[in-house]
Every structure is written in structure tokens, then in C-alpha cells.
Amino acid sequence: MGLASMISRQPEVDNTISDPTSRPPLVIGQHDFATVTETVARIPERPRATLAWKVSFAVAASLAAMFIALTGYLFVTGIGIWGNNSPVFWGFPIVNFVFWVGIGHAGTLISAILFLFRQHWRTSINRFAEAMTVFAVVCAGIFPAIHVGRVWYVYWLAPYPNPMGMWPNFRSPLLWDVFAVSTYMTVSVLFWYLGMIPDLATLRDRATRPLPRLLYGLFSLGWSGSARHWHRFEKAYLFLAALATPLVLSVHSVVSFDFAVSLIPGWHTTIFPPYFVAGAIFSGFAMVVTLMVPAREFFGLKELVTLRHLDNMNKFILATSFMVGYAYLIEVFMAWYSGNKYELFTFLNRALGPYAWAYWTMVICNVAIPQLFWSKKCRTTPWMMWIIAIFVNIGMWFERFVIIVTSLSRDFLPGSWALYKPTIIDFLMLIGSFGIFFTLFLLFCRYLPMVAMAEVKTVLPQAHVHHRHAAEEHAPSELEYAR
Amino acid sequence: MNDNSHSPTKPNSHQPHYVGVVARFGSPADLMAAARQISAAGYRYWDCHTPFPIHGLDRAMKIRPTILPWLVAGAGAMGALGPWSCNGGPTELPIPSTSVENHFSVYRLTFLSSSN
């Protein structure tokens, strides 16, 4: 009883061995089309949620409710309840915004970019990762919306003809963010939903109770699996993947411009767009691993999301850790090489000043700890990769904190220097944003198909048109891959 | 296939009549082969239903390609040209100016003197 019974107890089969003579299986356990459906569809079809889900949802929903209550307090009282003050005018809210919007980019990379690169291993994780993106962008978008002060005028951010004769400042990246993030939100939701339509139709056809049948039926838009439907579906999917791909690069570049177009030392540097995009993919993959390791365990998805999938994601984490580490090094080098005394001071201040604890936390979490992923054992052991991924999440939050707060607390004029004093509301709203994220994510896990069933079926050997029963003899057996 | 299926019997309250044929196949390869046969035989009102897309099936069925690419291109063009024309279109391109005054702007002088 208890926790032990909730864990699926599926054995781990190692399909990470690289054999040049044959492709390793992406789905293990001798699945056919029907068993793939059953593995995924039985999760939303449970009449009652598991105790683990209910407890997690209760915690997440409480934190989300706290966030909403604090937002109400913010609207009524004003920005003074936060720690934003002179000189650190930007604090936790923008750190949280950049943190969440960065996390979203990995989901789009997995969904869109890996699709264009025909990386078939993405099919087990793309639905899950894209859901993470949608909810992360929701959390991200909340912060700029609520931080404006007079939130009842937030519609002024939109360029509409008005009696004041004013337009928003199109020269400001803060406005570009409005368009970039809302475009990203729109495209991500459309892409996620489009991909889900065939699977929602599967749930509709399997539904036995009237309300699920009605709702899944409504959202599956009359899907019948007709070849004509698939023809349009594949074209639309391809276009959304192609449209989402530049967003992965552009959205976080525009977010980095919020800082890079200023004159503040430590901000005004051209490394920011690639540095931020690499950091976004880094933190996003770490969040996917953080969510996926327990999810595959609790929901019994180990045969669809195999060690190979986790191994591949960890390799992405290692690679982007190097890019982020390079950015740290080159920033320091350029600060010295430029001869600009303000720039050099800023980086000495980061490493040795009052926020050195945050800086070194960032370096250890983002550069040192991911080096453990050179070890195959670390890359293919779920509990190890989960701990490393948590450290990366922490490190990436601190990276945004270090960039924003250290540069603002000590910029050009020492007479203006002061430390940042976050209030309890700042901390609680950060925690509350996790509550919103996990509330939405747990609802997704409970009611929607977590794995793209139709796409996973296409990577089974039986799905190939030229597959005959004889081909099953050539498919590598599971025993060859068992540890 | 039975020859009688080409000429359905007249509708009659006592006699059943064929309105169509449904067939179920065990593998994508079998479905493709059947699709090619049906398409070659000239049938027009038919379809294939699959739980996942099968590569090449739409070509085998001679499905007319969707106009979606043209719609996306049109929407993309509108999205690019619309705001650009609001900003002035080709008049806002940064074509270098040759007038003397524009090479000595006050803004540029102050920027040059403030560096370091």
C-alpha cells in the first residue's frame, strides 16, 4: 500500500547501446498498436485519480490559490509590496518571467525542431514537453501583465487607435516581448492542440461515460482517421513546426534584448541572444527531465519513454551547459579585453561582491554539476539525472537573478549603489508560480493523453509500409538490449 | 470481389441492397496494396481510415493536395506586409542620406564624447 504501490515497478530496459548495424528500438516491451493505445489511454480513463495525484494537486492548487490572492493584494495595494526599489528597479518578477519563458523553449525544440530533423525519438516526449511549454508560457506571461502598476491600463500595451494620440513604444524590447511572447503562446497552443486531435479522437471512441465522450468528441473536431484528414493534418503539423522553429530562437533573443539594449555594464553585450537561447534550452530540458522521471514512473510509461529518450535529453543538457559555461567565460574575458573599467568591475563584483554567493551557486549548478552527464551511468539512471536536473533549474533561476540584480545594484555611480531587498511577497509569488504551473500540468496528466499515441505508433516497426511479418525477425529483440 | 456489387439491386422494403463495402486490413502494407488497386479500378467515393498517417497513402489514393500551403503563404504575406505598410513600407528603409546636415547630428556627437 501507499507509495510503493503507486510506483509502476516496471523494469528498466537499457536501449541506449549504440549498435551501427541496427537501430535500437524506441518502444520496448513488444508493443503493438493496441497496447500503445492502452498504455497511454488508460491514464485519463481512470474513473478516480490516484491518491498521489490528488495530494499533489491539492498542494499545487493551494499554491496557485495563494498566488492569485497575492496578485489581488498587488492590484489593490501596488508594486510597493515587492522589493523593487532604487537602484534595483527590476527584481524577482522579471527574473521569474525570464525563468519561465526560457523553460518553455525546450518543449518547442522537441516538438518542432526535432520534428524537422526527423528525430523519431521525440514522439514519446513531445506531447509532454509541449504541454510544459504552454504552461510555462502561461506562468511567464502573468508577470509582465501584473507588474505594470496600474493593471487596469494594461491594454495600453496594445497598439490601438486611442483618443490620447499615443502609440506604444515600438522601439522598446519590452513591447517586442508583448508580441513575441503572445505569438509564442498562440503558436505553442495551436501546435499542441493540433497534434492532440487524433489522440482526443481515440479517447472519444474509447469513452464509456457520457461527459468524457462529449468533451473529447467536441475537442477532436470530428476526426475520423481518414486519409484525407491525415493529409491535411500532416501539412498543418509541418507548417506549425516550421513556424515554431524560429520562435525558439527569436523569442528568447527578444527577451535578452530587454537587457542587452540598455547601457548597464553586464547587460549591454552582444553575447546575450545566443547566451539566453542556449540557457533557455538548458533550463527547459532540465525541467522536462524533472517532470518526466517521476511521470514515467508513476504513470507506467517506461516502455514508451525509455532510457534512450532520457539519455538523449541529458546529452542536450550537457551540450547547452557548455554553451552557457562558454558565455560566462567570454563575458569575463570581454570585460577585461574591452578595457572598459565599468564592465570589468561588474564582473569582479559578481564573483567577489555581496552577491558572490548567488554567482557561485549559478556556476556550480550550471557548469560543474552537469559535467556528471559525461558519465553514462549518470545519464541513464533516473534518480541521478533527476537530482542533476533540479540543480540545473536552481542554477538557471540564479543566473537570471545574478544578471539582473548584480548589475542593477552596482552600476556606474557608487553613490547610487544599494542592495536588493526582496519581500516575503516576492518569495511567495515565485513559489506560487510553481503552483500555477503544477496545477495546470497535473490537470494535463489527469485528463489529456500524455504521450502522442499516433506518433509513437509510426515509429513501431509494424508501421512501415514495407514491413512484412518477416521483418519482425530483423527487429532487435528486447533481450539484446536488456542490461 | 463479387460481380453483383457493380449493380446494386433496386431499393425495396423487403430486399437488402448494397450501399458500400468496408474492408479491414492487418497491416499498412496490405492497406496500401488495396488502396492502389481500388484507385486503379477507378472508384471515386472511397476512403481509408488509419490510426496513424501512412506514408504515401494519399498519393496512392490520388487525393487532391490541400490548398493549405497557399493559405499559409497568404497569411504570412499579410502578416509581413501589413505592419510594414503601417510603418511606412519602402519609405522607411534605411537608405543612406547624403545631406551634410544629417552627418553631424547632435545626438551622434554626444554619444562619441561620452564613451569611456
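Residues numbered from 1 in each chain as written. Chains lettered and ligands numbered in written order. Predicted model: local features only at pLDDT ≥ 70, side-chain atom pairs only at ≥ 80, totals over all residues.

What follows covers the overall build of chain A. When you go through chain A residue by residue, the secondary structure sums to 18 helices and zero strands. Taking 483 residues into account, the globule formula puts the C-alpha radius of gyration at 23 Å, and chain A, at 24 Å, falls close to it. Over its C-alpha atoms, taken along the principal directions, chain A stretches across nearly 80 × 55 × 45 Å. Going through the 483 residues of chain A one by one, you find that 42% of them count as buried. Within chain A, contacts between residues at least 6 apart in sequence are counted, and of these 82% link residues at least 24 apart. (Helix = DSSP H or I, 4+ residues; strand = E, 2+ residues; numbered from the N terminus. Rg over C-alpha atoms; globule rule 2.2 N^0.38 Å. Buried ≥ 20, exposed ≤ 12 C-beta atoms within 10 Å, placed from the backbone. Contact = placed C-beta atoms within 7 Å.)

Attention now goes to the overall build of chain B. Per the secondary structure count, chain B includes four helices and zero strands. Along chain B, helices and strands appear, N-terminal first, in the series α-α-α-α. Across the 116 residues that make up chain B, the buried fraction comes to 12%.

Below, the discussion takes up the confidence of the model for chain A. Put simply, chain A has an average pLDDT of 92, and 95% of its residues get 70 or more. Ignoring residues within four places in sequence, the model shows residues 469–483 of chain A, a span with pLDDT below 50, making 21 contacts including any to other chains. (pLDDT = per-residue confidence, 0-100.)

With that out of the way, let us pick up the confidence of the model for chain B. Across chain B, the average pLDDT comes to 80, with 70% of residues at 70 or higher. Prediction confidence for the complex, expressed as pTM and ipTM, is 0.89 and 0.83 respectively.

Ranked by size, the top nonpolar core spans 134 residues in total, and within it Met132(A), Phe285(A), Val288(A) and Val289(A) carry the most contacts. Residue contacts for Val288(A): discarding those within four places in its chain leaves Ala106(A), Ile125(A), Ala129(A), Met132(A) and Met313(A). (Core = buried A, V, L, I, M, F, W, Y, C linked by C-beta atoms within 7 Å.)

Attention shifts here to the interface of chain B and chain A. Chain B puts 23 residues into the contact, and the matching count from chain A is 23 residues. When residues of the side of chain B that touches chain A are traced back to their parent elements, those giving at least two are helix H1 (28–41), helix H2 (57–60) and helix H3 (68–86) of chain B. Class assignment of the residues belonging to the side of chain B that touches chain A gives a composition of 14 nonpolar, seven polar and two charged. (Nonpolar A, V, L, I, M, F, W, Y, C, P; charged D, E, K, R; others polar.)

Residues and elements named next belong to chain A. Between its first and last C-alpha atoms helix H9 (residues 272–298) spans 39 Å; for 27 residues at 1.5 Å apiece the expected length is 39 Å, and the two agree. Maximum bend of H9: about 25°, positioned at Met292, with proline Pro294 one to four residues after it. Taken across its 27 residues, H9 has 21 buried, putting it largely inside the fold. Taken from the residues just after H9, Gly300 is the one with a positive phi, measuring 70°. (Expected span 1.5 Å × (residues − 1). Bend = angle between axes of the 7 residues up to and from the residue.)

Take the environment of Trp267(A) next. All names here are of chain A. The topology assignment puts Trp267 in the loop between helix H8 (227–260) and H9. C-alpha of Trp267 to C-alpha of Leu408: the two residues are 141 residues apart in sequence and 9.5 Å apart in space. With sequence-adjacent residues up to four places away left out, Trp267 is seen in contact with Phe259, Ala260, Ser262 and Ser407.

With that out of the way, let us pick up the packing of helix H6 (residues 173–206) of chain A against helix H7 (residues 210–219) of chain A. Residue and element names in this part refer to chain A. Look at H6 against H7: their axes get within 8 Å of each other, and the N-to-C directions meet at 155°. Taken as axis vectors, H6 and H7 run roughly antiparallel relative to one another. As for the relative orientation of H6 and H7, their crossing is left-handed in sense. Contact with H6, carried on its side by Leu200, Leu203 and Arg204, involves Arg213, Tyr216, Gly217 and Phe219 of H7 and no other residues of that element. Considered class by class, the residues forming the contact of H6 with H7 number four nonpolar, one polar and two charged. (Axes fitted to C-alpha atoms, helices over the stretch in contact; angles between N-to-C directions. Parallel < 35°, antiparallel > 145°, perpendicular 65-115°, else oblique. Left-handed = near helix turned anticlockwise from the far one by under 90°.)

All names here are of chain A. The topology assignment puts Asp411 in the loop between helix H14 (382–409) and helix H15 (424–447). By the C-beta count within 10 Å, which is 21 here, Asp411 ends up buried. Between the C-alpha atom of Asp411 and that of Gly266, which follows or precedes it by 145 residues, the distance is 9.0 Å. The residues contacting Asp411, other than those within four sequence positions of it, are Pro87, Ile264 and Pro265.

Bringing H3(B) into the picture now. Residue and element names in this part refer to chain B. Taking 1.5 Å of rise per residue, the 19 residues of H3 would be expected to cover 27 Å, and the 27 Å separating its terminal C-alpha atoms lies within 8% of that figure. Along H3, only zero of the 19 residues are buried, which leaves the element largely exposed. After H3 finishes, the residue Gly88 shows a positive phi value of roughly 120°.

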